[in-house]
Amino acid sequence: MLRSGQPLTGPNRKRCHEDEMLLGSVLEERERGFVIDTRSAQAAKQARMTGGGTEPKSSYPQWKRLHQPLERGRPLQESFIKLVEACNDASLGMDRWLARLESCRWLSHVKAALSTACLAAQCVDREQASVLVHGAEGTDTTLLVTALAQVILDPACRTLAGFQGLLEREWIQAGHPFHLRCARSAYSHARLKQEAPLFLLFLDCVWQLSRQFPFSLEFGEGLLLTLFDNAYASNYGTFLCNNEKERCLCKVKESTHSLWAWLDQPEEKKKYLNPLYSPNPLAIWPSVEPQSIQLWQGLFFRWIRSSQYLDEAWAEMRRLVE
Amino acid sequence: VENVRLLDRLSSRKAALGTLYLTATHVIFVENVSETRKETWVLHSQISSIEKQATTATGCPLLIRCKNFQVIQLVIPQERDCHDVYISLIRLARPVKYEELYCFSFNPKLDKEEREKGWSLVDLNDEYNRMGIPNSYWQISDVNRDYGVCDSYPTEVYVPKSATAHIIVGSSKFRSRRRFPALSYYCKDNNASICRSSQPLSGFSARCLEDEQMLQAIRKANPGSDFIYVVDTRPKLNAMANRAAGKGYENEDNYSNIKFQFIGIENIHVMRNSLQKMLEVCELKSPSMSDFLWGLENSGWLKHIKAIMDAGTFIAKAVAEEGVSVLVHCSDGWDRTAQVCSVASLLLDPYYRTVKGFMVLIEKDWISFGHKFNHRYGNLDGDPKEISPVIDQFIECVWQLMEQFPCAFEFNERFLIHVQHHIYSCQFGNFLCNSQKERRELKIQERTYSLWAHLWKNRADYLNPLYRSDHSQTRGTLHPQMAPCNFLYKFWSGMYNRFEKGLHPRQSVTDYLMAVKEETQQLEEELEVLGERLANLQKLQVNGNKVKSMQQDRSKHLGLSASNNSLANTPQEYSNDLKSFPSRSPSQGDEEDSALILTQDNLKSSDPDLSANSDQESGVEDLSCRSPSGGSCLPSEDSGKDSDEAVCLA
């Protein structure tokens, strides 16, 4: 599985010999690969006008392009804000709740993200084909897809250590601009242009997986909530800045502590472990039917309603297993 | 009929080829694949509707929709055969006599004594005794002993001490269907009670002294409060409309010391349509999130569930927190009244949250109080306008509560699903007819078997591993969260998409935890035995013998794995654009599905319905199975357990 930014074909259909060679070198002769473009076909075409574009078939004959549009940027942030507003709306009657939930479109985004990640995973696992994932910049929906696909495919990514490694690799080092994207969250009135909850969307998808495969992830919901918190505001330097370059310039490693180091401490670690975990060497294929995708109550209603009864249930589960 | 294809709803590519059989009681589809010969059994009683669709090149499609939400799609090659099957099924699914029903031919090979014992497992007298009745405030009345006062009530009713036979009879004449106020639940801690009746025949101004006395008697039976609530579970408009027909509701001016309250729950017709709409959403092919949410909202189903829950909560609060008695009614007092009283009882009393207690609850508020099972669930062919998912809604309320309070119920989701299944299956005699009177006339207890005995025997399958009777969540009254809590109501895919295995979590936490619990128990017992041996040996040692201390071999026991890791689950179709994505070869898919077949060794269960080699598909069973108890294999409600049977014990 590969990821990149969009090819800069531009309006004049520029070609790049090195890029074609690079992609060509991935495939054997007569082997076929897939390009999953996280923009709609139309958006990808329009990108040419501003210097971007897609891989033309003539230049990349072995690669088949699939468009799986995923929401990003302002619309995704709006979706998030609307959902949080709906959740907090005490006046909302049962006869209008679902329509309101639907109008936020958040769950549709979860469904789309999971579907695309599964598609990428299927390419690799079922079709034994290489897949290149990119959107526009390669820093948002691209990372969402590649990271999620690895959770689906790779049991190592489902361990606590492996998941941390995945985050470090596919989000932090890959250059997801955390500083810009995780700025003010849902309550802020300042509608920052660059803010978008891609990382939260990723965490939500992982939560969906944990619900559908309760034994397959070594960590529980608590870890996902902690990661969500720390992406926006943290005592640790792990999610600071927008990319490795900035982190170097700001001397993050020298002046801050790592979140992973803290999470790895035995007393902390055991809070995040899933008592039901049993290593599953196989890929986990989620159902993306609407009935199978649920609203992440633990996150969206975290401060609205008591989780006492569910916490007690988890405590009981731990007790039974121990 | 041969060469029939059974289509898979989600994956249009998967179709099984086999033979269709029609018997007196079932429709059976047997797959041609020789190794497994997977079977799908459907009881005629379960069939809700049959739809013959337009003939295509591949054959004549027939769609069978079941009351337990199973949907079977068959394609019959010859149009004439299809027509014959269609006509036959229509007749078979609409019996005219009770004797045609399965319960009269069902034979679990028990003797007469066992059959009787099965019926006496749930005894309502014991239940009222458990509540503390009779006592100084409440007594049992035999005024209805020949069903002379009210033919839809049981022979034994519980009434306030001060309610004489005269008062009861007088009140019954003033109530719709003669259903006078009678006791449903009594709280011995504070003497508050829940009583139920039908609407008074008050019209605009009629009064009845005895009925007013009846309500006073209820109030007096609770010295801790000087008034009672009267809860009308209908929407106000409907109740008011009833007044024009000479019925209506209690006027606070006429009845002393009552506080009247409307809690609007819609009627059976609205509910029937609501379910219909929701099922249409479930039948959508590849719905988007929008389609689904809009469809669900439009059906109004969850709104109705919440309305029932809110009513039950109001009543439970009145009893537990205010110590005030409540009289509940709707129109005839056998639908919404039953729902609301049983939800309230469940919230109030932890006993009803046990396996036995739940069976007692249904026996009390539904069976004995004359809920019209035959009319509502179509045992026999009848008026389609009487059909309504009343008890289904109650069962769903219980499930919603289980989701909110995971430690508070002794039983699990499977229990609820099987109860619902059997209400429609007519395999057992408990849910036949419309009243106790009719059941006795038909001699149900002598000619059929009791579901309760069957469930009780298999209760190991129905337990909730998180339940502990001493857990704080379990004891006392449950307090469902009030607003804002719309989000707490979830779509119950375990019930309405029950037979679509791909939708459900692939791994059953419940079964795993139950297995862990059992294993732990075994280990603890062994530990005890070893401990005793150690103690004995130590005694010997005291006598001067040198004995090596016993070493407990802890490590070897736990080969418990949460899932059989050699089982894969299959990806669904993730891309809408099928052409762009090459299809997998059919053989690949089948291999994995066959890997999901459970072997008897893997399953630890006393459920006779569980057949070896039962597949993930619904109602599927192997002809060659033999139950552990040695009895004949019962056509099961489903494959005995649900999809997620990736549980296996090493």
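Only a predicted model underlies this, so the values are computations on that prediction, with no experimental measurement involved.

Bringing the overall build of chain B into the picture now. Tallying secondary structure elements over chain B gives 20 helices and 15 strands in all. The buried share of chain B, reckoned over its 650 residues, is 58%. Contacts spanning at least 24 positions in sequence make up 70% of the contacts within chain B whose residues lie at least 6 apart.

A separate point is the domain arrangement of chain B. All names here are of chain B. In terms of domain boundaries, chain B breaks down into domain 1 (4–94) and domain 2 (139–512). The straight-line distance from the C-alpha centre of domain 1 to that of domain 2 is 35 Å. Contacts between domain 1 and domain 2 engage 14 residues on the former and 22 residues on the latter. It is Arg9, Lys67 and Phe69 in domain 1 that bury the most area against domain 2; as a group they hold 46% of the surface buried on that side. The interface formed by domain 1 and domain 2 contains one salt bridge. Linking domain 1 to domain 2 there are seven residue pairs in polar contact (both at pLDDT 80 or more). Of all the elements in the fold, those that place two or more residues in the side of domain 1 that touches domain 2 are β6 (60–66) and β7 (71–76).

With that settled, the discussion passes to the environment of Asn88 of chain A. Residues and elements named next belong to chain A. You can see Asn88 is positioned in helix α3 (residues 73–88). Considering only alpha carbons, one finds Asn88 and Trp303, 215 residues apart in sequence, at a separation of 9.5 Å. With residues up to four places along the chain from it excluded, the contact list for Asn88 reads Tyr187 and Ile304.

Membership of the largest hydrophobic core comes to 217 residues, with the highest contact counts inside it found for Trp97, Phe163, Phe202 and Phe300 of chain A. In this view, Phe163 of chain A contacts Val151, Ala156, Cys157, Phe202, Val206, Phe219, Leu223, Leu224 and Leu227 of chain A; residues no more than four positions away in its chain are not counted. Ranked by size, the runner-up nonpolar core spans 20 residues in total, among them Val4, Cys60, Cys82 and Ala93 of chain B.

According to UniProt, the "coiled-coil region" (unreviewed entry) feature falls on residues 513–540 of chain B. Between the first and last C-alpha atoms of residues 513–540 of chain B the distance is 40 Å; the span itself is 100% helix and 0% strand.

Moving on, we get to the pairing of strand β2 (residues 33–37) of chain A. Residues and elements named next belong to chain A. Of all five residues making up β2, five are buried, and the element is well covered by its neighbours. Regarding topology, helix α2 (residues 41–47) serves as the crossover connection from β2 to the parallel strand β3 (residues 63–67), and that connection is right-handed. Sheet topology places β2 next to strand β4 (residues 130–134); five bridges connect them, and they run parallel. For Phe34, the partnering residue across the bridge sits in β4 and is Val131.

A separate point is the sheet that holds strand β10 (residues 182–186) of chain B. Residue and element names in this part refer to chain B. A sheet is described by the order of its strands in space; here five strands give the open sequence β10-β11-β14-β12-β13, paired in mixed fashion. Looking at the sheet topology across the chains shown, the edges are occupied by β10 and β13 (258–262). Going from strand to strand, the sheet's axes swing by 25 degrees on average, the running direction of each strand aside. The pairing of β10 with strand β11 (residues 193–197) spans four bridges and is antiparallel. Residue pairing across strands places Leu183 opposite Cys195, the latter belonging to β11. Across the sheet, helix α5 (residues 209–220) touches β11, β12 (228–232), β13 and β14 (326–329), and the angle it forms with β12 is around 125 degrees.

Taken together, the 66 residues of chain B in the interface contact 65 residues of chain A. Regarding the contact of chain B and chain A, the summed buried area is about 5,800 Å², with carbon and sulfur atoms giving 62% of it. Looking only at chain B, the three residues that lose the most surface to chain A are Met289, Phe487 and Tyr574 of chain B, adding up to 14% of its buried area. Taken together, the links from chain B to chain A amount to one salt bridge. Here Arg468 of chain B makes a salt bridge to Glu316 of chain A, at a shortest N to O gap of 2.3 Å. Looking at the side of chain B that touches chain A, the elements that each hand over two or more residues are α8 (289–299), α9 (301–322), α13 (390–404), α19 (509–542) and α20 (586–595) of chain B. Broken down by element, the side of chain B that touches chain A gets its largest block of residues, seven residues, from α8 of chain B. Counted by class, the side of chain B that touches chain A contains 32 nonpolar, 24 polar and 10 charged residues.

Here is what the cut-offs are and how they apply
- In this convention, every chain numbers its residues from 1, walking through the sequence in written order.
- Here every chain gets a letter starting at A, and every ligand a number starting at 1, in the order they are written.
- For this predicted model, a pLDDT threshold of at least 70 governs which residues receive local features, and a threshold of 80 or more governs which side-chain atom pairs are given and counted, while totals over whole chains, interfaces and linings are taken from all residues.
- Only hydrogens and water are set aside when side-chain values are computed; all heavy atoms of the structure are taken into account.
- For the purposes of this entry, the term helix denotes a DSSP run of H or I that reaches at least four residues, the term strand denotes a run of E that reaches at least two, and both are numbered from the N terminus.
- A simple rule labels every residue: compare its accessible area, found with a 1.4 Å probe on the protein chains alone, to the largest value its type can have, and call it buried under 20%, exposed over 50%, or partly exposed in between.
- What makes two residues a contact is simply this: any of their non-hydrogen atoms within 4.5 Å.
- In this document the domain limits rely on a domain assignment from an automatic tool or a database.
- Buried surface area refers to the total accessible area, computed with a probe of radius 1.4 Å, that the two partners give up upon joining, counted for both partners together.
- Put simply, a salt bridge is a Lys or Arg side-chain nitrogen that is within 4 Å of an Asp or Glu carboxyl oxygen.
- In the analysis that follows, any N or O atom pair within 3.5 Å is treated as a polar contact, provided that within protein one partner can donate a hydrogen and the other can accept it, and provided that, for residues neighboring in sequence, both atoms belong to side chains.
- We call a set of buried Ala, Val, Leu, Ile, Met, Phe, Trp, Tyr and Cys residues a nonpolar core when their side-chain atoms join them within 4.5 Å.
- UniProt positions are given in the numbering used here, feature names are shortened, and annotations may be inferred rather than shown by experiment.
- Classification remark: right-handed applies to a crossover when, strands pointing away from the viewer, the course from the first strand over the helix to the second runs clockwise.
- When DSSP finds at least two bridges between two strands, those strands are taken to pair.
- Axis definition: a line fitted to C-alpha atoms, over the contacting stretch in the case of helices. Angles run 0 to 180 degrees between N-to-C directions.
- Under this grouping Gly is polar, as are all residues other than the nonpolar Ala, Val, Leu, Ile, Met, Phe, Trp, Tyr, Cys and Pro and the charged Asp, Glu, Lys and Arg.

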